[in-house]
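# Survey of secondary and tertiary structure
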Amino acid sequence: AIARRRADEALVRREREFEALAAQSPDIIARFDRSFRHLYVNPVIEAVTGLPVDHFIGRSNAELGQPLELTSRWERFLGGVFRTGQPAELDFAFDTPQGRRFFHSRAKPELVEGDIVQTVLCTSRDITELKREEARQRLLADVGAAMVSHLSYREALVEVAHLAVASFCDGCAIDLARADGTLERLTVIDRNPHHVDTINELEARYPSGPDSPSGHSTAFRT
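What this report covers is the structure whose coordinates are included nearby. Please read all numbers here as calculations on a predicted model, not as lab measurements. (Residues numbered from 1 in each chain as written. Predicted model: local features only at pLDDT ≥ 70, side-chain atom pairs only at ≥ 80, totals over all residues. Heavy atoms only, no water.)

When you go through the protein chain residue by residue, the secondary structure sums to seven helices and seven strands. For the protein chain, the N- to C-terminal ordering of α and β elements is α-β-β-α-α-β-β-β-α-α-β-β-α-α. Its C-alpha atoms give the protein chain a radius of gyration of 27 Å, more than 25% over the compact-globule value 17 Å for 222 residues. On the principal axes, the C-alpha backbone points of the protein chain span a range of 95 × 35 × 30 Å. Across the 222 residues of the protein chain, 34% fall into the buried class. Long-range pairs, those at least 24 residues apart, make up 35% of the contacts in the protein chain between residues at least 6 apart in sequence. Element-wise, carbon and sulfur atoms account for 54% of the exposed surface of the protein chain, whose accessible area totals about 14500 Å². Averaged over its 28 positive side-chain charges, the protein chain has a centre that lies 7 Å from the centre of its 34 negative ones. (Helix = DSSP H or I, 4+ residues; strand = E, 2+ residues; numbered from the N terminus. Rg over C-alpha atoms; globule rule 2.2 N^0.38 Å. Buried < 20%, exposed > 50% of the residue type's maximum accessible area, 1.4 Å probe, protein only. Contact = heavy atoms within 4.5 Å. Areas by Shrake-Rupley, 256 points an atom, 1.4 Å probe, with all protein chains shown as cover. Lys, Arg positive; Asp, Glu negative; His and termini not counted. Charge placed at Lys NZ, Arg CZ, Asp CG, Glu CD.)

This is the structure we're talking about:
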């Protein structure tokens, strides 16, 4: 009985030490049971989701109302660790109050009685800035390739507009300066083709002169 009490006390002490360390971590740290419910989650989750820790405890991602596709990926991810007893990794995107963020998760099994997986401990790191930098580098490489693959710089710039819309924006317009200081609209690209007609109609109805106080002319002049 004394040995068991000491073992229980040691377990409680280790758990307190773990929670103290997890509370200081910049990463999301969570523990899951075999029903994929949160047994523990550190306070970082509040900054990411805007929801208190208590909102997660005892609930699975499905019960929290997360998107079905993301929930299914997490259940396969955690289920594989429970089934095989082997660590696993997962990259995923999550819509937060601050916008879409990207995370890299590492899950490791926590064993009892030899090789039985009792719980899974998961650490999720925000890799949004890394993803954005990778996207920037890919875009720069694609723009460089476009510039050298066309004999005409006008054709190259049109392709650059397509690359911009495909990479990071909803629409892109490129203007070229004429000798008299006015601007020539080279191209307009938009994810919604109907917007292109609207933009062109507005430009034709309200043309922007070289001394215009707003619009592309101002950006060019200043």
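Tallied over the full model, the rule gives five aromatic pairs. Judged by centre distance (5.8 Å) and plane angle (40°), the ring pair of Phe-32 and Trp-74 falls under tilted. Highlighted residues: Phe-32 in strand 1 (residues 28-32) and Trp-74 in helix 3 (residues 68-84), separated in sequence by 42 residues. The pair Phe-32 / Trp-74 is uniform in exposure class, with both members buried. Pairing Trp-74 with Phe-92 gives two aromatic rings, centres 5.5 Å apart and planes at 75°, and the pair type is edge-to-face. Residue Trp-74 is located in helix 3, and its partner Phe-92 is located in strand 3 (residues 88-96); the two are separated by 18 residues in the primary sequence. Under the relative-accessibility criterion, Phe-92 is labelled buried at 9%. Of the aromatic side chains, those joined through ring pairs into one cluster are Phe-32, Trp-74, Phe-77, Phe-92 and Phe-103. (Phe/Tyr/Trp six-rings, centres within 6.5 Å; stacked < 30°, edge-to-face > 60°.)

Now for the state of the cysteines. Put plainly, a disulfide is one covalent bond tying together the sulfur atoms of two cysteines. Tallied over the full model, the rule gives zero disulfides. In this model Cys-169 remains outside any disulfide bridge; the closest cysteine sulfur is found in Cys-172, 5.4 Å from its own. (Disulfide = S-S within 2.5 Å.)

Attention shifts here to the pairing of strand 6 (residues 171-177). Across the two faces of strand 6 the burial differs, with Cys-172, Ile-174 and Leu-176 buried and Gly-171, Ala-173, Asp-175 and Ala-177 not buried at all. Taken together, the seven bridges between strand 6 and strand 7 (residues 183-190) define a ladder with antiparallel strand orientation. By the bridge assignment for strand 7, Cys-172 is matched with Ile-189. In textbook terms, the turn of a hairpin is the stretch between consecutive antiparallel strands, and for strand 6 and strand 7 this stretch comprises five residues, one of which, Gly-181, has a positive phi near 90°. (Pairing = 2+ DSSP bridges.)

For the rest of this paragraph, the subject is the pattern of salt bridges. Scanning the entire structure with this criterion turns up 13 salt bridges. Across the pair Arg-100 and Asp-95 runs a salt bridge, and its minimum N-O distance is 2.9 Å. In this structure, Glu-184 and Arg-154 form a salt bridge, with 2.6 Å as the shortest nitrogen-oxygen distance. Here Glu-184 is found in strand 7, whereas its partner Arg-154 is found in helix 5 (residues 153-167), with 30 residues between them in sequence. For Glu-184, a relative accessible area of 23% translates into the label partly exposed. According to the relative accessible area criterion, Arg-154 is partly exposed, its value standing at 31%. Shared partners join several salt bridges into a network, and the residues in it are Asp-175, Arg-185 and Glu-203. (Salt bridge = Lys/Arg side-chain N within 4 Å of Asp/Glu carboxyl O.)

Between helix 4 (residues 128-149) and helix 5, the least distance of the axes is 9 Å, while the angle of their chain directions is 160°. Put simply, helix 4 runs roughly antiparallel to helix 5. Relative to helix 5, helix 4 is oriented so that their crossing is right-handed. Contacts between helix 4 and helix 5 pair Leu-139, Asp-142, Val-143, Ala-146 and Met-147 from the former with Ala-156, Glu-159, Val-160, Leu-163, Ala-164 and Ser-167 from the latter. Class assignment for the residues of the contact of helix 4 with helix 5 results in eight nonpolar, one polar and two charged. (Axes fitted to C-alpha atoms, helices over the stretch in contact; angles between N-to-C directions. Parallel < 35°, antiparallel > 145°, perpendicular 65-115°, else oblique. Left-handed = near helix turned anticlockwise from the far one by under 90°. Nonpolar A, V, L, I, M, F, W, Y, C, P; charged D, E, K, R; others polar.)

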